[in-house]
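Close look at the chain arrangement
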Amino acid sequence: MTMAKKKKEKSPAAFPPAVLDAILAQHTVDGVVTSDAMFGSEGVLQQLTKALVQRSLEGEMEHHLGYPKHGERSPEAHGSGNARNGATPKQIQGKRGQYSIEVPRDRIGEFEPAIIKKGQRRFDGFDDRILSMYARGLSVREIQAHLEEIYGTEVSPDLISTVTDGVMDEVRAWQNRPLDALYPILYLDALHIKIRRDGRVSMHAVYLVIGINMQGLKEVLGLWVSEHEGAKFWMNVLTELQNRGVQDVFIACVDGLKGFPEAFAALYPRTQVQLCLVHLVRASLAYVSYKERKAVAADLRTIYQAATAAEAWASLETVDAQWRDRYPHLLRAWRTHWERITPMFEYPPVIRKLIYTTNAIESLNMSLRKVLKPRASFPTEDAACKLLYLALRNIQKKWTMPIHDWGQALATFAILFEDRLPAQTFDPFTQNS
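A brief look at the structure comes next.

About the criteria used
Residues numbered from 1 in each chain as written. Predicted model: local features only at pLDDT ≥ 70, side-chain atom pairs only at ≥ 80, totals over all residues. Heavy atoms only, no water. Buried < 20%, exposed > 50% of the residue type's maximum accessible area, 1.4 Å probe, protein only. Helix = DSSP H or I, 4+ residues; strand = E, 2+ residues; numbered from the N terminus. Pairing = 2+ DSSP bridges. Right-handed = clockwise from strand over helix to strand, strands pointing away. 1 Å grid on protein atoms, 1.4 Å probe; cavity = no way out; pocket = protein on both sides within 12 Å on 5 of 7 lines; lining within 4 Å. Points joined across faces, edges and corners; volume = space filled by probe spheres on them. Nonpolar A, V, L, I, M, F, W, Y, C, P; charged D, E, K, R; others polar. Expected span 1.5 Å × (residues − 1). Arc of directions from axis to C-beta. Contact = heavy atoms within 4.5 Å. Salt bridge = Lys/Arg side-chain N within 4 Å of Asp/Glu carboxyl O. Axes fitted to C-alpha atoms, helices over the stretch in contact; angles between N-to-C directions. Parallel < 35°, antiparallel > 145°, perpendicular 65-115°, else oblique. Left-handed = near helix turned anticlockwise from the far one by under 90°.

**Details of the pairing of strand E6 (residues 248-254)**
Along E6, 7 of the 7 residues are buried, which leaves the element largely enclosed by surrounding structure. Of the strand pairs in this sheet, strand E3 (residues 182-197) and E6 are connected by 5 bridges, and their pairing is parallel. Opposite Leu182, over in E6, you have Asp248 as the bridge partner. In this structure, E6 lies alongside strand E7 (residues 272-275), joined through 4 bridges in parallel fashion. Paired with Ala252 across the strands is Val273, a residue of E7. As for the winding sense of the linkage, the β-α-β connection from E6 through helix H10 (residues 260-267) to E7 is right-handed.

Here's what the structure looks like:
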């Protein structure tokens, strides 16, 4: 191993033991440094951080002027036309509390410190802690109380609101980011929130779209808030997806969203719309008495677990004949939407189990509802989007693996939709390295 490589791998120099001993000696009682003396609001780490920041600011000023403090008569200072001009007191919020520092000034006002920038009132990482708590559903007041209790830092509600409001630019960039040209499967569903507007609280729906990309990874394509649902609304959503780059979708899985099939037929005419069978079963069981739900659910299972569409229809007729007298409306929705139920029978089990239910987005909605539960209502749509985006950002960190059996599913898609798959999908010689 060369000397150069040894020098490159050398670990950062630690503080000399004599320096550490001198610092600890000031806080040692009977040979012991207490936890409060080490980590408290006036502890070693707090004071050391403050001293290092202050010394760094002085070092930046020295570098800016070109001569050390009290060196105005040195050769380096001669004819520079600039000098120190006192300091400005400043309060900085940190992870361990509040720091009082003195930011040096120069006479001609050109000095701009790097470690604590002009206008900066918080150390890097402090805002991340606020956002992390906000993303987990804590209210502004709860975050304020938590920071004061754990870190001894008094933070105003306005500061917390300012930090979280700063996320909106990130939300807009995320909502308008370019998307892939092809998503083999899309899942669409909605959850409901309350928004205060003009002194009135009204129910709004938050619509989420999850795409399964060509790598088999789940991806939230966007979220939309609306009071009213219909073909016009979905036309706007799908137009936005098209403008962001989505050219084709093989299958769209929905739970009977109003106007959605019509909008998809207009913008993505080759896409098959598959109704979620789990939602359909739940809707049917709403008509059934509690004592008989288990038996009826078992009979309904024979319909959607049939091998073919013809066999499924025969099972539907059998179930209807058995329960029609007691529950005449049991299968009305099944008959009405039969053409939206049958697409799954065209696919082998590996794909059928991916599209007969919207569980992929249902589990996401369940996680989001936990975050939304403490909020009785939101003052604006932006406030709701801000919280949902931060929660989604945390959830998507776990989406690092393809869905189960994706390789087999993709191979099936390659046969069924050969003319619609990118040419390089299965050609290693045309893929980018």
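**As for the layout of surface pockets**
Regions of empty space are outlined by a rolling probe, equal in size to a water molecule, passed over the atoms. One number sums up the size of the second largest pocket: a volume of about 260 Å³. At 3 residues, the largest contribution of residues to the lining of the second largest pocket is made by helix H7 (residues 157-165). Along the lines of polarity and charge, the residues of the lining of the second largest pocket split into 7 nonpolar, 5 polar and 4 charged.

**Here we look at helix H12 (residues 293-304)**
The end-to-end C-alpha distance of H12, which contains 12 residues, comes to 17 Å, matching closely the 16 Å that a straight helix rising 1.5 Å per residue would cover. Residues of H12 that are buried include every one of Val296, Ala297, Asp299, Leu300, Ile303 and Tyr304, and no others. Buried positions in H12, seen along its axis, are confined to an arc of 165 degrees and lie on one side of it. Buried positions along H12 lie against helix H11 (277-285), helix H13 (309-323), helix H14 (332-336) and helix H15 (338-341).

**Examining the pattern of salt bridges**
This structure, assessed with the given rule, holds 12 salt bridges. For Glu219, the salt bridge identified is with Arg177, shortest N-O distance 3.4 Å. Remark: Arg177 occurs in the loop between helix H8 (168-175) and E3 and Glu219 occurs in strand E5 (residues 218-226); sequence separation between them is 42 residues. Residues Glu219 and Arg177 agree in their burial class; the two are buried. Look at the salt bridges and you will find they share partners, linking Glu317, Asp320, Arg324 and Arg335 into a network.

**Overview of the sheet that holds E7**
In spatial order, the strands read E5-E4-E3-E6-E7; together these 5 strands make up an open sheet with mixed pairing. Bordering the open sheet on either side are E5 and E7, each of which pairs with just one other strand. Neighbour to neighbour, the strand axes of the sheet diverge by 25 degrees on average, direction disregarded. Across 8 bridges, strand E4 (residues 200-212) lies against E5 in antiparallel orientation. Note that in E5 the partner of Ile212 across the bridge is Lys218.

**Details of the packing of helix H9 (residues 231-243) against H10**
For the pair H9 and H10, the least separation of the axes is 8 Å and the interaxial angle reads 40 degrees. Considering their axes alone, H9 and H10 lie oblique with respect to each other. Taken as a pair, H9 and H10 cross one another with a handedness that is right-handed. Here H9 contributes Ala231, Trp234, Met235, Leu238, Thr239 and Gln242 to the contact with H10, which in turn contributes Phe260, Ala263, Phe264, Ala266 and Leu267. Here the contact of H9 with H10 is composed, by residue class, of 9 nonpolar, 2 polar and no charged.

**As for the environment of Glu311**
Its location among the elements puts Glu311 in helix H13. Distance in space between the C-alpha atoms of Glu311 and Phe345 is 10.0 Å, their sequence separation being 34 residues.

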